[in-house]
Each structure stands twice: as C-alpha cells, then as structure tokens.
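Listed below, chain by chain, are the residues.
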Amino acid sequence: MTKSANTMWGGRFAAGPDAIMEAINASIGYDRRLAPQDIAGSRAHAAMLAATDIISDSDAAAIREALLTVLSEIETGAFPFSTALEDIHMNVEARLRDLIGEPAGRLHTARSRNDQVAVDFRLWVRDQCDQADAALEALQKALLDQAGAGADWVMPGFTHLQVAQPVTWGHHMLAYVEMFARDRSRFADARKRMNQSPLGAAALAGTSFPIDRHMTAQALGFDAPMANSLDAVSDRDFALEYLAAASICAMHLSRMAEELVIWSSAQFRFVRMSDKWSTGSSIMPQKRNPDAAELIRAKIGRIFGANVALMTVMKGLPLAYSKDMQEDKEQVFDAADNLMLALAAMTGMVGDMTANRDALHAAASSGFSTATDLADWLVRELNLPFREAHHITGSLVAVAETKGCDLPDLTLDDMQAVHPGIRADVFDVLGVENSVASRTSYGGTAPAQVRAQVARWKEVLS
C-alpha cells in the first residue's frame, strides 16, 4: 500500500507523510501487541451498534465474523502489517475492509481512535495485573517450600549487613512471602481501580449516537463505563499505577537477588544455586556465577525507568488527548516483559537452590549474635534497667573480643568479673538454638511461629 493510499485521515490531507514523518508517527511496530484487545473491543462495539439500531444486524455480524478472521491471521503470522497505516487500529480496519468491503466502514461509528486505544491499552494492562498475580503466587509457593523445610535451621539475621541476632531460614524466606503478598495486593488494587471502560467516550466529548456504554463495558469485563469522556481518553493513571506496583515488586525482587548473589559467594556459602541458574567463567574454571540473580538485579532498572518515563510523558499534557500519549506503550510493554521474566527466574532459582545448613549455623554462631539475649537475661533475671544491661553486655563482648572467642565461650568467672550477679544459667540463653526458640512473639523467628505461619500461608494459597 502506498502512502497516498492511507485514506483513514479522509479528505483533509492531500498528500501522505514523508518517510521521516511516517517513522515518527507510526506505532505499529509495537502496538501490534494490542491486537487481541483491539479486536475484542471492536467486536463488543459492533454488537452494541447493532443492539442500538445504529448499524444493521447483518453488518454487525459480518464485522464480528471478519474480525475473528483477522485475529486468526495475526496469531498465525499471516497478517500483512503496514507501517503506512500507522497503528494496530488502522491495520485491522483496513484488513477488515479487504475482507467484507463497505460494512467495515461502519465499525468506527460513534468511536474514535482516542477511546479505542484507551480501551485496548486498559484491557492489556488489566491482563498484566492478572499475570503478575499468578507469577507472584508461584514465587510465594516456592518460598513456602523453602520455609517449611528450614523452619528450624538457624542462620544469622543481619542489620547493616553485620550479624545481629540469630533467626531461622524459614523466617527469612517468610519475609519475602509477606513482601510479595503486598505486591499482589497492589496489583489487585490497581486492577480494581482501572476496571472501568473508556469505550464510547469517542474523541473527547462523547457522541450524539444513542450508544449503550454499559453494554460494551459489561461485554469487556469492566465494572462500569468511565463517567467523564475527557478523563476517559486522556487518563493513563492505570498504566502508571501498574508501573508503580511493578516497580515496588521489582525492588523486592532486586533485594532478594542481591541476597542470593551474596549468599552464593565463597565467603558466605549460605546457598548453592543449581546449574540451571549459574554460569561458568571463560578463563577461571572454578567459578560458579549467579548470573540469573545478577540479571534480575539489573533488569529492574528498566522497570524503574519505565515508571519515570511515562510520568515524564504525562506530566505536562493538557486535556484531553495529545500525540505524546503514543509514547505510553513501549515503556509499559518492556516493563511488563521484564517483570514477568524476573518473576519466573526468581521462582526457578528459589525452587532449585539448596541452603547450606552447616554454613548457616556456623555464621549464626559467630559475631556475638546472642548479645541481645544476654542483655534480655540481665533485665529479666537481675531486674536491671535495659540500658545498664546493654552496657554490661557490651563490656562482656569486649572481653570476648580480647580473648578471641564468642560469648558462649566465656567462663562464668569472666562474666562475674564484669557483673557479680551473673549466674551459670545465663549460658542457657547464649546458644543460637535457644535464642531462636525464645522468640515466640507473634511474627517472631521461633520455629513454632515459623511453622504456624507456613501453615497459614499454605491455607491462604491453597
């Protein structure tokens, strides 16, 4: 098709765009991904036009049947996409005209590309919310398997990446289960808010045709039509909210990826990644590189970037539609692709990784990790103010450092030299197993609490 053959603009323009204008104006290179949503919206629109006697039943039937043919051609790769036709909407409509002739021209009655693209994009983003939710559920289940297996495996808990207090492997895994649950709730909340239909808003002011917007909204699975036509065609909040939820989820994935990179190092040896998720070195034969985790950590930047990019596109636009908004899709498509890839990779890594229980225990037993337990014992057993107990414990840590040992390795004489009231039963709280077992407050790291939370989450996710 030649550029002059693009009749979609009607008689206002005598000549088609030159090559540069065509290149900057066309979006078919990426918005072809909206084909299933575009065809679903058009089929719903055609059915509504017939139901309201705006077009004939026979024309509507021909349009709806031919649209299925177009969809089949697109899905099988037989569809002749044309850059000259700019976007997915014009490509579909032109092919529809090839198939059924004059009735195809009636499809665009009482709508505009403005509300058409708004409904297509909203449907696509809604689908992405559902896909993200399913992928996050799979990741939660993989984490729960790890948590259940290691409910009583002791490991160090960190603050400032310094050993702080002993926790359990299961407790650490459950922390991510909770994070990803909040991510799921954000996607669900965004989906609920975006589930209103812009179709029928037309260019910006609605239409004089007696359309039934509630009918098309229901046909497309929306809760209701949007209540303001200006807002309907100019809103991209739904995409921004998806990107915001995706960015927070991506941040959680990046944090976990960072931990896997650290934990799989020779210095930590907390986990071993399976061969599926590790690579070797071209020169150093001993290397096992956690490349999948590193790539997750890096790809997250693209999701953050998409959020900023679309915010920047939208921030200065007056109502209603401006061509700037054509730049809304590529970033969202890229962010969604990378989020789903990162979620799938993380789920695979979590499912396959093996925790090194001995290394976890050894690390938990170092770094004076039971110092807080000692301070708590001084408060509980000797009725000392916590600040005084904190000072005494710090002095005992200094003694242990001088002797080159950890707190449980000090003698009772060593301890009584710092505070004479300390008794032999203090050693009962200094073992890391005793430490984690004592943390029985709700949400604590005690194995009993961990198992209870695992059971609760399995019921939630069943």
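For the structure itself, look to the data block above.
All chains use their own residue numbering, which begins from 1 and follows the written sequence. pLDDT decides what is reported in this predicted model: residues at 70 or higher carry local features, side-chain atom pairs at 80 or more are listed and counted, and totals for whole chains, interfaces and linings draw on all residues regardless. Each side-chain value is derived from all of the structure's non-hydrogen atoms; neither hydrogens nor water enter the calculation.

Chemist: Would you mind going over the overall build of the chain in detail, with residue names and values included?
Modeler: Within the chain one finds 18 helices and six strands. Taking 23 Å as the expected radius of gyration for a compact globule of 462 residues, we find that the chain reaches 31 Å, considerably beyond that expectation. Summarising its shape, the C-alpha atoms of the chain cover approximately 100 × 50 × 40 Å along the three principal directions. Each residue gets one of three labels from its accessible area relative to the maximum for its type: buried under 20%, exposed over 50%, partly exposed in between, using a 1.4 Å probe on protein chains only. When the 462 residues of the chain are sorted by exposure, 50% land in the buried category. For the chain, restricting intrachain contacts to residue pairs at least 6 apart in sequence, the fraction spanning at least 24 positions comes to 74%. As displayed, the chain offers around 21,100 Å² of accessible surface, 54% of which is attributable to carbon and sulfur atoms. Charge counting follows a simple rule: Lys and Arg are positive, Asp and Glu are negative, and His as well as the terminal groups are ignored. Charge positions are represented by NZ for Lys, CZ for Arg, CG for Asp and CD for Glu. Mean positive and mean negative side-chain charge positions of the chain (43 and 58 charges, respectively) differ by 1 Å. Per the convention used, a helix needs a DSSP run of H or I reaching at least four residues, while a strand needs a run of E reaching at least two, with both numbered from the N terminus. For this measure, only C-alpha atoms enter the radius of gyration; the expected value for a globule follows 2.2 Å times N^0.38, where N is the number of residues. Whether two residues touch is decided by their heavy atoms; if any such pair falls within 4.5 Å, the residues are in contact. Residue burial considers only the protein chains on display, and all accessible areas are found by Shrake-Rupley using a 1.4 Å probe.

Chemist: Please give an account of a nonpolar patch on the surface that cites residues and values.
Modeler: A contiguous nonpolar patch, built from Leu 204, Leu 230 and Leu 319 and spanning about 270 Å² of accessible area, is present on the exposed surface. In this fold, Leu 230 is placed in helix H9 (residues 229–234). In this structure Leu 230 comes out as partly exposed when scored by relative accessible area, which is 32%. Patch building starts from residues that exceed 30% relative accessible area and form no salt bridge, then joins like charges within 9 Å and nonpolar side chains (Val, Leu, Ile, Met, Phe, Trp, Tyr) within 5 Å. Note on definitions: salt bridges are taken to be side-chain nitrogens of Lys or Arg within 4 Å of carboxyl oxygens of Asp or Glu.

Chemist: Before we move on, could you go through the side chain of Asp 120 and cite the residues and values that matter?
Modeler: In this fold, Asp 120 is placed in helix H6 (residues 113–149). Here Asp 120 is in contact with Leu 34, Gln 37, Asp 38 and His 89, once residues within four sequence places are set aside.

Chemist: Could you give an account of helix H13 (residues 357–364), naming the residues involved and the relevant values?
Modeler: Restricting attention to buried positions, one finds in H13 the residues Ala 359, Leu 360, Ala 363 and Ala 364. Angular distribution of buried residues about the axis of H13 spans 135°; they occupy a single face of the element. Buried positions along H13 lie against strand E1 (154–159), strand E2 (162–168), helix H7 (169–194), strand E6 (354–355) and helix H17 (432–438). The directions from the helix axis to the C-beta atoms form the arc being described.

Chemist: Explain the nonpolar core to me, and be specific about the residues and the numbers.
Modeler: To define a nonpolar core, start from buried Ala, Val, Leu, Ile, Met, Phe, Trp, Tyr and Cys residues and group those joined through side-chain atoms within 4.5 Å. Grouped together as the largest cluster of nonpolar side chains are 101 residues, with contacts concentrated most on Trp 169, Phe 187, Tyr 242, Leu 253, Leu 339 and Met 346. What Leu 253 contacts, discounting residues up to four positions off in sequence, is Leu 139, Phe 180, Ile 296, Ile 300, Leu 339, Ala 342, Leu 343 and Met 346. Residues Ala 371, Ala 389, Ala 400 and Ile 422 belong to the second largest nonpolar core, which totals 20 residues.

Chemist: Outline the environment of Glu 459, supporting the account with residue identities and numerical values.
Modeler: By secondary structure assignment, the location of Glu 459 is in helix H18 (residues 447–461). Under the relative-accessibility criterion, Glu 459 is labelled exposed at 63%. Separated by 191 residues in the primary sequence, Glu 459 and Phe 268 place their C-alpha atoms 34 Å from one another.

Chemist: Explain the packing of aromatic side chains residue by residue, including any values.
Modeler: Each aromatic ring pair is specified by the distance between its two centres and by the angle formed by the two planes. Here a Phe, Tyr or Trp ring, Trp counted by its six-membered ring, pairs with any other such ring whose centre lies within 6.5 Å, and the pair is stacked when the planes are under 30 degrees apart, edge-to-face when over 60, and tilted otherwise. The final tally for this structure, using the stated rule, is eleven aromatic pairs. Ring geometry for Trp 263 versus Phe 270: centroids 6.2 Å apart, planes at 50°, classification tilted. For Phe 270, a relative accessible area of 2% translates into the label buried. Three or more aromatic residues joined by ring pairs form one cluster here, namely Phe 158, Trp 169, Trp 263, Phe 268 and Phe 270. Lysine and arginine charges are scored as sitting over a ring when NZ or CZ, respectively, is within 6 Å of the ring centre and within 35 degrees of the ring normal. For Arg 33, the ring lying beneath its charged end belongs to Phe 333, and the centroid distance is 4.9 Å. For Lys 329, the ring lying beneath its charged end belongs to Phe 121, and the centroid distance is 5.6 Å.

Chemist: Summarise helix H11 (residues 291–314); cite the residues concerned and give the values.
Modeler: What sets the pattern is the α-helix's 3.6 residues per turn: residues three or four places apart point alike. Compared with the 34 Å implied by 1.5 Å per residue over 24 residues, the 36 Å span of H11 between its first and last C-alpha is a close match. Among all positions of H11, only Ala 292, Ala 293, Ile 296, Ile 300, Ile 303, Ala 306, Asn 307, Leu 310, Val 313 and Met 314 are buried. The elements touched by buried residues of H11 are H9, helix H10 (237–263) and helix H12 (329–352). Between the first and last residue of a helix there are one fewer steps than residues, each counted as 1.5 Å, and that sum is the expected span.

Chemist: A description of the pairing of E2 should follow, citing residues and the corresponding values.
Modeler: Side chains on a regular strand alternate between the two faces of the sheet. Following DSSP output, two strands are said to pair if at least two bridges run between them. Sheet analysis places E1 next to E2, joined by six bridges and oriented antiparallel. Within E2, the residue paired with Val 154 across the bridge is Thr 168. Where E1 folds back on E2, the antiparallel hairpin that results is connected by two residues, among which His 160 adopts a positive phi of roughly 60°.

Chemist: Account for the packing of helix H14 (residues 371–382) against helix H15 (residues 386–403), with residues named and values stated.
Modeler: Interaxial angle, 0 to 180 degrees, is taken between N-to-C directions of lines fitted to C-alpha atoms, where a helix line uses only the stretch in contact. Running from N to C, H14 and H15 cross one another at 135°; their axes reach a closest spacing of 8 Å. It follows from the interaxial angle that H14 and H15 lie oblique. Crossing handedness for the pair H14 and H15: right-handed. Packed against H14, whose contacting residues are Ala 371, Leu 374, Ala 375, Asp 376, Leu 378 and Val 379, the element H15 presents Phe 386, Ala 389, Ile 392, Thr 393, Leu 396 and Val 397 at the interface. For the contact of H14 with H15, the class distribution of residues is ten nonpolar, one polar and one charged. Here is the rule for angles: anything less than 35 degrees is roughly parallel, anything more than 145 is roughly antiparallel, 65 through 115 is roughly perpendicular, and the remaining ranges are oblique. Helix crossings fall into two classes, left-handed where the near helix is turned counterclockwise from the far one by less than a right angle and right-handed where it is turned clockwise. For this classification, the nonpolar set comprises Ala, Val, Leu, Ile, Met, Phe, Trp, Tyr, Cys and Pro, the charged set comprises Asp, Glu, Lys and Arg, and every other residue, Gly included, is treated as polar.

Chemist: I'd like to hear about the pattern of salt bridges, residue by residue, with values.
Modeler: Side-chain pairing between opposite charges can occur once the charged atoms of the two side chains come close. Inspection of every chain in the model, using the stated rule, returns 29 salt bridges. The partner of Asp 337 in a salt bridge is Arg 33, and the shortest N-O contact between them spans 2.8 Å. Placement of Asp 337 in helix H12 and of Arg 33 in the loop between helix H2 (28–31) and helix H3 (35–51) is noted, with a sequence separation of 304 residues between them. The exposure class assigned to Arg 33 is partly exposed, which follows from its relative accessible area of 34%. Arg 184 is paired through a salt bridge with Asp 133; the nearest N and O atoms lie 2.8 Å apart.

Chemist: Explain the environment of Met 251 to me, and be specific about the residues and the numbers.
Modeler: The topology assignment puts Met 251 in helix H10. Residues Met 251 and Thr 411 lie 160 residues apart in sequence; the distance between their C-alpha atoms is 46 Å. Excluding anything up to four places from it in sequence, Met 251 contacts Ile 300 and Phe 304.

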